[in-house]
Amino acid sequence: MSDKNSELDTLDAGTMEFMKWLANKDTNSENTLIIVKDYFDNKYVILFDKSILNNVIVAYREGMPYCVTCNTDDCGHVGFAICLKQDYDRDDQAIF
């Protein structure tokens with residue numbers, strides 16, 4: 001993603017964005033940078049990153065998340081996906 005500068009360049013940024021998304025997911029707030037498009041348990045998650053106006057895929061490889069779009073395991077998309085999986089595991093359902 002060297003030519004695309006996402007605002008979600010750290011795990012912490014992704015975690016913070018997840019907290020905003022979680023607080024606003026019932027209201028469909030425009031204040032979040034991430035939209036969860038689809039979640040396939042232990043396979044991958046498809047996100048839409050508003051800061052780069054593009055879909056992002058985070059795949060789970062042997063249980064570890066890896067951002068296919070950024071080609072890394074430590075971007076904000078991975079941070080968001082980790083939190084999303086923990087939330088899904090806790091509730092045993094995904095509601096977007």
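Residues numbered from 1 in each chain as written. Predicted model: local features only at pLDDT ≥ 70, side-chain atom pairs only at ≥ 80, totals over all residues. Heavy atoms only, no water.

Teacher, can you tell me more about the nonpolar core here?
Burial of nonpolar side chains together is a common tendency in soluble globular proteins. Formed by 22 residues in total, the largest nonpolar core has its most connected members in V36, V45, L47, V58, C67, F80 and L84. Mapped onto this core, the elements with two or more residues apiece are α1 (11–24), β1 (34–40), β2 (44–49), β3 (54–61) and α2 (76–91). By residue number, the principal contributor to this core is α2, which donates six residues. Apart from the residues lying within four places of it in its own chain, the contact partners of V45 are V36, D38, Y39, V56, I57, V58, Y60, A81 and L84. (Core = buried A, V, L, I, M, F, W, Y, C linked by side-chain atoms within 4.5 Å. Buried < 20%, exposed > 50% of the residue type's maximum accessible area, 1.4 Å probe, protein only. Helix = DSSP H or I, 4+ residues; strand = E, 2+ residues; numbered from the N terminus. Contact = heavy atoms within 4.5 Å.)

When you look at the side chain of H77 in this model, what are you seeing that I'm missing?
Along the chain, H77 falls in helix α2. Side-chain polar atoms of H77 contact the side chain of D49, separated by 2.7 Å. (Polar contact = N/O pair within 3.5 Å; in protein donor to acceptor, adjacent residues only side chain to side chain.)

Teacher, can you tell me more about the sheet that holds β2 here?
Sheet strands line up and pair through hydrogen bonds in the backbone, either parallel or antiparallel. The four strands lie next to each other as β1-β2-β3-β4, forming an open sheet whose pairing is antiparallel. Edge positions in the sheet fall to β1 and β4 (64–67), since each has one partner strand and no second. Ignoring strand direction, the axes of neighbouring strands in this sheet form an average angle of 25°. Bridge count between β1 and β2: six bridges; the pairing is antiparallel. Residue pairing for β2: I34 is matched across the bridge by D49. (Pairing = 2+ DSSP bridges. Axes fitted to C-alpha atoms, helices over the stretch in contact; angles between N-to-C directions.)

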